Amino acid sequence: MNIVLLGPPGSGKGTQAKIICSKYNLPHISTGDIFRANITNKTQLGLKVKEFIDAGLLVPDELTILVVKDRLGKEDCKNGFVLDGFPRVLSQAKALDEFAKIDKAIMIDAEDEVIIDRLSKRRICKNCSNPSHLDWLVNGKCEKCGGEVYIRDDDRPEIIRQRLLKQKLPQDVIDFYVSKGIFEKVNSFETKEKTFEEVDKILQKICK
Ligand code: AMP
């Protein structure tokens with residue numbers, strides 16, 4: 001099962017990716033997570049991508065596509081994967097098409113106001129990198145593992161606005177997957193469980 005999750009930042013793609021991966025035992029490939037890990041570890045890639053991420057801009061294709069191609073070539077992706085945050089532009093969708101066969105491209109959609117509210121209240125666990133909403137925390141700690149949480153640098157209001165402006169999912173990416181007959185859209189509901197019910201209906205059809 002090779003799945004692509006599309007949608008604006010903060011639509012809940014990451015949360016849905018984690019639920020899908022845990023239910024179907026698939027690797028969760030998040031380009032944002034890969035970049036952040038490289039920034040933390042001060043790798044060459046990390047140094048190159050930091051300025052783009054800090055400014056709320058997209059990392060150039062030549063870096064992003066290589067990262068994904070390399071990651072999908074790993075053994076754990078042989079039986080499927082969930083790509084979260086890639087592709088974001090048509091050139092990436094076309095490049096992906098050259099090295100992977102995607103079964104479904106599922107767009108998780110949400111209104112701008114919902115996204116701004118969510119991202120400004122998002123907290124990430126330092127321990128298990130679980131994304132939480134401020135309201136889900138237990139005594140200010142991660143509701144999954146009890147770890148300390150932090151606010152992503154790019155979840156500051158001025159950067160959120162920049163990301164929404166510069167990183168709207170382009171219509172041509174949607175059209176690309178529609179034309180292949182594999183595009184699905186799910187609205188991001190109040191709860192992650194309700195959203196997953198809808199996502200899972202789509203996944204169940206692939207399994208049949
Ligand atoms: P995310 O965690 O998916 O919100 O990604 C965080 C940041 O990483 C984005 O704001 C971009 O700067 C960068 N990034 C992640 N995925 C991509 C991609 N497919 N293409 C370009 N930049 C990306």
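In this text, all values refer to a predicted model and were calculated from it rather than measured experimentally.

In the vicinity of the ligand, 17 residues are found, and the nearest of them are Thr-31, Leu-57, Gly-85, Arg-88 and Gln-167. Gln-92 is positioned such that a nitrogen or oxygen atom in its side chain is 2.9 Å from a nitrogen atom of the ligand. Arg-163 places a side-chain nitrogen or oxygen 3.2 Å from an oxygen atom of the ligand. Contact with the protein chains covers 97% of the free accessible surface of the ligand, which is 480 Å². The biggest single contributor to the shell around the ligand is helix α2 (residues 31–40), with four residues.

Of note, the bond from Phe-86 into Pro-87 is cis; its omega dihedral lies within 30 degrees of zero at 0°. In this fold, Pro-87 is placed in the loop between β3 (81–84) and α5 (90–99). Of note in this structure, Asn-25 is not a glycine but carries a positive phi near 55°. With respect to the secondary-structure elements, Asn-25 resides in the loop between α1 (13–24) and β2 (28–30). In this structure Asn-25 comes out as exposed when scored by relative accessible area, which is 68%. Backbone geometry at Lys-42 places phi at a positive 50°, although glycine is not the residue there. Residue placement: Lys-42 occurs in the loop between α2 and α3 (44–54).

Scanning the model with the defined rule gives one aromatic pair in all. Centroid distance Phe-176 to Tyr-177: 5.1 Å. Interplanar angle 85°. Geometry classified as edge-to-face. The buried category is assigned to Phe-176, whose relative accessible area is 14%. The buried category is assigned to Tyr-177, whose relative accessible area is 1%. Directly above the aromatic system of Trp-136 lies the positively charged group of Lys-192, at a separation of 4.1 Å from the ring centroid. Residue placement shows Lys-194 over the ring face of Phe-189; its charged tip is 4.9 Å from the ring centre.

What follows concerns the pairing of β3. Taking every second residue as pointing to the same face, both faces of β3 are buried, with Phe-81 and Leu-83 on one and Val-82 and Asp-84 on the other. Pairing of strand β1 (residues 2–6) with β3 involves four bridges; the strand directions are parallel. Across the sheet, residue Ile-3 finds its bridge partner in β3, namely Val-82. In this structure, β2 lies alongside β3, joined through three bridges in parallel fashion. From the neighbouring strand, His-28 faces β3, where its bridge partner is Val-82.

Attention now goes to the nonpolar core. Nonpolar side chains in soluble globular proteins tend to be buried together. Residues Val-4, Leu-6, Leu-72, Phe-81, Leu-83, Leu-96 and Tyr-177 are the most contacted members of the largest nonpolar core, which totals 32 residues. Contributing elements (two or more residues each) for this core: β1, α2, α3, α4 (61–72), β3, α5, β4 (104–109) and α8 (171–179). Among the elements that take part in this core, α4 stands out by supplying five residues, more than any other. Leaving out residues up to four positions away in the same chain, Leu-96 has contacts with Val-4, Leu-72, Leu-83, Phe-86, Pro-87, Ile-102 and Tyr-177. One finds Leu-5, Tyr-24, Val-82 and Phe-196 within the second-largest nonpolar core, a separate group that totals 16 residues.

Each value, and the rule that gives it
Residues numbered from 1 in each chain as written. Predicted model: local features only at pLDDT ≥ 70, side-chain atom pairs only at ≥ 80, totals over all residues. Heavy atoms only, no water. Near = heavy atom within 4 Å. Polar contact = N/O pair within 3.5 Å; in protein donor to acceptor, adjacent residues only side chain to side chain. Areas by Shrake-Rupley, 256 points an atom, 1.4 Å probe, with all protein chains shown as cover. Helix = DSSP H or I, 4+ residues; strand = E, 2+ residues; numbered from the N terminus. Buried < 20%, exposed > 50% of the residue type's maximum accessible area, 1.4 Å probe, protein only. Phe/Tyr/Trp six-rings, centres within 6.5 Å; stacked < 30°, edge-to-face > 60°. Lys NZ or Arg CZ within 6 Å of the ring centre and 35° of its normal. Pairing = 2+ DSSP bridges. Core = buried A, V, L, I, M, F, W, Y, C linked by side-chain atoms within 4.5 Å. Contact = heavy atoms within 4.5 Å.

Just distances and angles here, no functional claims.
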